[in-house]
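# Observations on the model geometry
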Amino acid sequence: MLKVEDLNVYYDKIHAIKGASFEVRDGEICTLIGANGAGKTTILQTISGLLQPKSGKITLDGSEITGRAPNKILLQGLAQVPEGRRVFSKMTVLENLEMGAYTRKDAAGIREDYEMVFQSFPRLKERIHQQAGTLSGGEQQMLAIGRALMSRPRMLLLDEPSMGLAPILVDEIFSIIRQVNQSGVTVLLVEQNAAKALEIAHYSYVLATGQIVSSGEGKSMLTDSSVRSAYLG
Amino acid sequence: MDFAQQLINGIQLGSIYALIAIGYTMVYGIAKMINFAHGDIIMVGSYIALMIFQNTGLPVWGVIAASALASALLGMAIERLAYKPLRGGSRMSALITTIGVSILLQNVFLLLFGSSPKPFPAAFEGEGFTLAGVPVSRLTLVTLLVTLLLMVLLTLFVGRTKLGKAMRAVSEDQGAAQLMGINIDTSISLTFAIGSALAAVAAVLYSSTYPLINPYMGSMLGLKAFIAAVIGGIGIIPGAMLGGFIIGIAEALIKGYISSALVDAIVFSLLIVVLIIKPSGLLGKNEREKV
Ligand SMILES: Nc1ncnc2c1ncn2[C@@H]1O[C@H](COP(=O)(O)OP(=O)(O)O)[C@@H](O)[C@H]1O
Ligand SMILES: [Mg+2]
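Structural notes, computed from the coordinates. Within each chain, residues carry numbers counting from 1 in the order of the written sequence. As a convention, the first chain written is A and the first ligand written is 1, with the rest following in written order. Given that this is a predicted model, residues contribute local features only at a pLDDT of at least 70 and side-chain atom pairs are listed and counted only at 80 or more, while totals for whole chains, interfaces and linings are drawn from all residues. Computation of side-chain values: all heavy atoms of the structure, hydrogens and water removed.

To continue, consider the overall build of chain A. By definition, any uninterrupted DSSP run of H or I lasting at least four residues is a helix, any uninterrupted run of E lasting at least two residues is a strand, and each is numbered from the N terminus. When helices and strands are tallied, chain A shows nine helices and 10 strands. In this description the radius of gyration comes from C-alpha coordinates, and the expected globular size is given by 2.2 Å times residues to the power 0.38. Whereas a compact globule of 233 residues would reach a radius of gyration of roughly 17 Å, chain A reaches 17 Å, a difference of no more than 12%. Burial status across chain A gives 54% buried among its 233 residues. By definition in these notes, contact holds between two residues if any of their heavy atoms fall within 4.5 Å. Restricting to contacts in chain A with at least 6 residues of sequence separation, those with at least 24 account for 67%. The protein chains shown are the only cover counted for residues, whose accessible areas, like all others here, come from Shrake-Rupley with a 1.4 Å probe. In the form shown here, chain A has an accessible surface area of approximately 9700 Å², with 49% of it arising from carbon and sulfur atoms. On chain A, the mean spot of the 25 positive side-chain charges and the mean spot of the 25 negative ones are 3 Å from each other. Each residue is placed in one exposure class: buried if its accessible area under a 1.4 Å probe, protein chains only, is under 20% of its type's maximum, exposed if it is over 50%, and partly exposed if it falls in between. Neither His nor the chain ends is counted toward charge; the positive residues are Lys and Arg and the negative residues Asp and Glu. Taken as the charge centre is NZ of Lys, CZ of Arg, CG of Asp or CD of Glu, depending on the residue.

Our focus in this paragraph is the site of ligand 1. All names here are of chain A. Every residue near ligand 1 is listed here: Tyr-11, Ile-14, Ala-16, Ala-35, Asn-36, Gly-37, Ala-38, Gly-39, Lys-40, Thr-41 and Thr-42. Gly-37 has a polar backbone atom sitting 2.7 Å from an oxygen atom of ligand 1. Under this definition, polar contacts are N or O atom pairs within 3.5 Å; protein pairs additionally need one hydrogen-donor-capable and one acceptor-capable atom, and for neighbouring residues in sequence, both atoms have to be side-chain atoms. Between Gly-39 and ligand 1, the recorded distance is 2.9 Å, taken from a backbone N or O atom to an oxygen atom. Protein coverage of the free-state accessible area of ligand 1, which is 560 Å², stands at 60%. When contributions to the shell around ligand 1 are tallied by element, the ones reaching two or more residues are strand E2 (14–24) and helix H1 (40–48). A total of three residues in the shell around ligand 1 trace back to one element, the largest contributor, which is H1. As a working rule, the residues Ala, Val, Leu, Ile, Met, Phe, Trp, Tyr, Cys and Pro are called nonpolar, Asp, Glu, Lys and Arg charged, and the rest polar, with Gly in that last group. Tallied by class, residues from the shell around ligand 1 come to five nonpolar, five polar and one charged. Here a residue is near a molecule or strand as soon as one of its heavy atoms is found within 4 Å of it.

This next bit is on the packing of helix H3 (residues 60–83) of chain B against helix H8 (residues 184–209) of chain B. Residues and elements named next belong to chain B. To get an axis, a line is fitted to the C-alpha atoms, and for a helix only the part in contact is used. The angle between two axes follows their N-to-C directions and goes from 0 to 180 degrees. Between H3 and H8, the shortest axis-to-axis distance is 7 Å and the interhelical angle comes to 140°. The pairing of H3 with H8 is recorded here as oblique in orientation. Handedness of the crossing formed by H3 with H8: right-handed. Here Ile-64, Ser-67, Ala-68, Ser-71, Ala-72, Gly-75, Met-76, Glu-79, Arg-80 and Tyr-83 of H3 come into contact with H8, specifically with Asp-185, Thr-186, Ile-188, Ser-189, Phe-192, Ala-193, Ser-196, Ala-197, Ala-200, Val-201 and Val-204. Grouping the constituent residues of the contact of H3 with H8 by class yields 12 nonpolar, six polar and three charged. With respect to orientation, any angle under 35 degrees is reported as roughly parallel, any angle over 145 as roughly antiparallel, any angle of 65 to 115 as roughly perpendicular, and every other angle as oblique. Two helices crossing with the near one rotated counterclockwise from the far one by less than a right angle form a left-handed crossing, whereas a clockwise rotation gives a right-handed crossing.

Across the boundary between the two partners, chain B contributes 19 residues, which contact 22 residues of chain A. Within this document, salt bridges are pairs made up of a side-chain nitrogen of Lys or Arg and a carboxyl oxygen of Asp or Glu, the two lying within 4 Å of each other. Between chain B and chain A we count three salt bridges in total. Across the salt bridge formed by Glu-98 of chain A and Lys-165 of chain B, the nearest N and O atoms sit 2.9 Å from each other. Viewed at the interface, chain A and chain B are joined by seven residue pairs in polar contact (both at pLDDT 80 or more). Looking at the side of chain B that touches chain A, the elements with two or more residues in it are helix H6 (162–172) and helix H7 (174–179) of chain B. If you tally residues by element for the side of chain B that touches chain A, the top one is H6 of chain B, at seven residues. Partitioning the side of chain B that touches chain A into residue classes produces eight nonpolar, five polar and six charged.

Structural data, given as structure tokens:
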């Protein structure tokens, strides 16, 4: 579904992504795991159009999206849950979801999707008119995921959704990601929490200093030597 | 003059400061820059209104609307041509560019109209009503009502409409807003258009009160309104409104009871005092610095 070929991204002179290539298959959960500073966020932001690559090619279902504006890429069906959640903290829960549906015009469908989000995250419904900044970390992560789902994406990119959350919340977030995937949304999950990510992934890539160093089918990676030595101890 | 009369004068002047301060605060909140050319938009708005008054038979409301529209287009054009290319660069270069645009506008109007002040027609002449023995002129009444109406409309726009909410989203987090599919260029253009239109309305109200206009009239007026925006909490729209009224009323009372010569000194001191007590302004939250 999503194909990244020989991607090179720079921050001025810093060569952050060095020829990374990988593929996310339709309907699957694919994870990209790697240590802090490996380049995970850079890759996701480049896919979403927030950063421009120096070279390389990104295609979604065969059509090229490399370097296109973020709103165009969103309209192609690709939504991102950014690192650190980045909910609009001075806006209410409902307004955040409304922003998630910004590009849509179908009022009835949008209302349906509010209900869908509130069904998956009942706690958000209780706080519907509360400012997002007053939510707990876990609730903000749920809101960030709900907000991204409001665009009715075909594919969801998640950047370290477990970051800073208590273990019980991490489990809840991961089970939601699995549900989202089962509802037909392809997922690219970026994580430092490799053990957790590998449990739900169909396929995995390991990123180190801007390069893909290893890859393999989901659980088989739990025994991969590069993964074991780097992340699982 | 008695206290009530001074207070009414202060509210009238404060309305004008508030309308101008909104432009500073919205541009700061959404484009993250201080636009020192904003004061000169007031001057341009006044000259445009004067030209329309002299050359057409348009009624005063039509003149205000036309001047607001022309100023909005000018504000958008300035942003596109002068500020947008610098977006993402250092704040200092953007700041210096706004000062450059300010000087440019002053000199263009100096060339076009000369340096001698031009008389501005009396737009809202006549009696208003008497409030507890104090006469309130029609101009005062119009100024206050127009300001309140525009504030209500702006509050509804920003609070309730999709475009207004998108502007708030951009002001909080440009990257996240882009991920929602919001076009930040559009939001920033709209911000400049709204700020400039409000400045043009303020210009007609101000020039009707002090009916001599010149190419430098925007400097002091803009600076005072900027102070109002900072006192209220820059980036916060209700703060700009509050700050505008505070400065206007303070100025009128200082003029009435202390000394006209000390007005500016005391207003600037007021700014310093507020910034010492509450650096983020009266309505600002003392947020942790983002890393
Ligand atoms: N805005 C930036 N400017 C310069 N260098 C950056 C910037 N953002 C990230 N980097 C560098 O790019 C590399 C990859 O960063 P990032 O994509 O954030 O990694 P990860 O998400 O895997 O932690 C790191 O070496 C980081 O220091
Ligand atoms: Mg990261």
